[in-house]
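# A structural walkthrough
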Amino acid sequence: MWFIFAILTALAWGLADLFYKKGSNPQDQYSHLKIVVMVGLVMGIHGISYMLINDLSLEFSELIKYLPVSALYIISMTIGYIGLRYIALSVASPIQNSSGVITTILLVVFFSYSLSGLEVVGIAAITVGVILLAVLERKYDLEELSKTETVDRKYKIGFLAILFPILYAIFDGAGTFLDAIYLDEKALISEDHALLAYEFTFFFVAILVFIFLKVKKQSINPFKEYTRGSAAIFETAGQFTYVFAMASNAVISAPIIACYSIFSVLLSRIFLKERLTKAQYAVVVLVLLGIAILGIADEL
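We now turn to the structure provided with this report. (Residues numbered from 1 in each chain as written. Predicted model: local features only at pLDDT ≥ 70, side-chain atom pairs only at ≥ 80, totals over all residues. Heavy atoms only, no water.)

Summed over all chains, the structure comprises 16 aromatic pairs. Residues Trp13 and Tyr260 carry aromatic rings whose centres are separated by 6.5 Å and whose planes lie at 85° to one another, so their mutual orientation is edge-to-face. Remark: Tyr260 occurs in helix H11 (residues 260-271) and Trp13 occurs in helix H1 (residues 2-23); sequence separation between them is 247 residues. Classification of Tyr260 as buried rests on a relative accessible area of 12%. Centre to centre, the rings of Phe110 and Phe177 are 5.7 Å apart; their planes meet at 45°, and the pair counts as tilted. With a gap of 67 residues between them, Phe110 in helix H6 (residues 99-111) and Phe177 in helix H8 (residues 158-185) connect regions that are remote in the sequence. Here Phe110 falls in the exposed class, since its relative accessible area comes to 57%. (Phe/Tyr/Trp six-rings, centres within 6.5 Å; stacked < 30°, edge-to-face > 60°. Helix = DSSP H or I, 4+ residues; strand = E, 2+ residues; numbered from the N terminus. Buried < 20%, exposed > 50% of the residue type's maximum accessible area, 1.4 Å probe, protein only.)

Take the packing of H1 against helix H10 (residues 226-258) next. Running from amino to carboxyl end, H1 crosses H10 at an angle of 145°, the nearest separation of the two axes being 6 Å. Pair H1 / H10 crosses with left-handed handedness. Counted by class, the contact of H1 with H10 contains 22 nonpolar, ten polar and three charged residues. (Axes fitted to C-alpha atoms, helices over the stretch in contact; angles between N-to-C directions. Left-handed = near helix turned anticlockwise from the far one by under 90°. Nonpolar A, V, L, I, M, F, W, Y, C, P; charged D, E, K, R; others polar.)

What follows concerns unusual backbone geometry. Positive phi is not limited to glycine here, since Asp55 has a value of about 55°. Position of Asp55 relative to the elements: it lies in the loop between helix H2 (31-53) and helix H3 (60-65). Of the residues examined, Asp55 reaches a relative accessible area of 70% and is grouped as exposed. Look at Lys217: it is not a glycine, yet its phi comes out positive at around 60°. Mapped onto the elements, Lys217 comes out in the loop between helix H9 (191-215) and H10.

This part takes up the nonpolar core. Ranked by internal contacts, the top residues of the largest apolar core, which has 74 residues, are Tyr20, Val39 and Tyr66. Residues within four places of Tyr66 in sequence aside, it is in contact with Tyr73, Asp179, Tyr182, Ile189, Ala194, Ala197 and Tyr198. (Core = buried A, V, L, I, M, F, W, Y, C linked by side-chain atoms within 4.5 Å. Contact = heavy atoms within 4.5 Å.)

A few words on the packing of H2 against H9. Orientation of H2 relative to H9, taken along the N-to-C sense of each, is 140°, at an axis distance of 7 Å. In terms of orientation, H2 lies oblique with respect to H9. Judged by the sense of rotation from one axis to the other, the crossing of H2 with H9 is left-handed. Residue classes in the contact of H2 with H9 are distributed as 21 nonpolar, four polar and three charged. (Parallel < 35°, antiparallel > 145°, perpendicular 65-115°, else oblique.)

Among the surface-exposed residues, Phe204, Ile207, Leu208, Ile211 and Val215 lie close enough to one another that they form a single nonpolar patch of about 490 Å² accessible area. You can see Phe204 is positioned in helix H9. Given the relative accessible area of 44%, Phe204 is considered partly exposed. (Patch = residues over 30% accessible without salt bridge, like charges linked within 9 Å, V, L, I, M, F, W, Y side chains within 5 Å. Areas by Shrake-Rupley, 256 points an atom, 1.4 Å probe, with all protein chains shown as cover. Salt bridge = Lys/Arg side-chain N within 4 Å of Asp/Glu carboxyl O.)

The end-to-end C-alpha distance of H6 is 18 Å, a good match for the 18 Å that 13 residues give at a rise of 1.5 Å each. Turning to H6, its buried residues are Ser99, Gly100, Val101, Thr103, Thr104 and Leu107. Looking one or two residues past H6, Ser112 carries a phi angle of roughly 55°, positive in sign. (Expected span 1.5 Å × (residues − 1).)

The next thing to look at is the pattern of salt bridges. A full pass over the atoms with the stated rule returns one salt bridge. One salt bridge in this structure joins Arg228 and Glu225, with 3.1 Å as the shortest N-O distance. With a relative accessible area of 11%, Arg228 lands in the buried category.

If you want it as structure tokens, here you go:
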């Protein structure tokens with residue numbers, strides 16, 4: 001089931017990424033905070049519902065225990081939302097999606113994992129595919145942006161373009177590594193309690209951010225945030241399947257989940273009617289092949 005959960009997570013976060021991009025406004029300096037509010041709100045609603053439906057309880061001590069993981073994820077996601085304002089000329093995708101491979105390397109080093117030849121091939125195919133796709137996407141962005149007469153200088157500054165995805169990869173990779181320890185290696189917390197602890201932490205952060213936006217006289221109506229709300233729903237759905245994938249097979253789940261940008265590109269082509277080049281199709285096939293290899297390797 002870990003393989004199915006990993007695929008479902010990548011699909012859900014691919015859809016979330018699609019709506020994140022649509023919901024990010026380069027002209028709105030509070031755009032990323034508005035996304036945080038919506039994600040935290042939906043996670044809070046889901047957390048309460050999940051707890052009531054399954055007759056669960058969450059001790060405050062467990063929320064504190066899982067706080068290091070929650071904090072790393074929330075920080076990385078907020079940084080990612082800021083980075084979306086600079087996505088047109090960034091090299092964000094290859095760096096951000098490298099976080100899954102970073103996690104796998106850390107787990108192999110610190111916990112003496114032994115990867116089979118097939119698993120190494122599968123992880124390599126996914127990694128190379130994600131990097132190639134990002135290069136092709138960036139080339140497309142450059143061509144599209146060159147057609148415009150005026151371009152804000154901040155979109156041409158390489159440092160800004162690369163800073164956010166680097167920070168995202170560091171925080172997300174560290175968070176996923178800790179998650180693997182909490183859920184898989186040391187089993188410090190159950191999947192249910194990890195999910196609830198993270199969602200309620202994000203919910204509390206969303207409340208604080210909402211108050212901050214009101215102080216700044218920023219208008220935000222959760223009932224009218226359709227695009228950001230959709231992103232939040234898919235983000236939460238992915239988080240639900242994520243904890244179960246990581247709890248069962250963290251070292252292989254991490255790189256599969258990290259390739260969600262592949263699904264984002266495919267879904268944008270389907271729903272936004274954008275066309276894929278032959279090179280992009282080849283890269284997508286490469287990544288899907290890598291995922292298939294990891295699934296087969298687990299059965300051997």
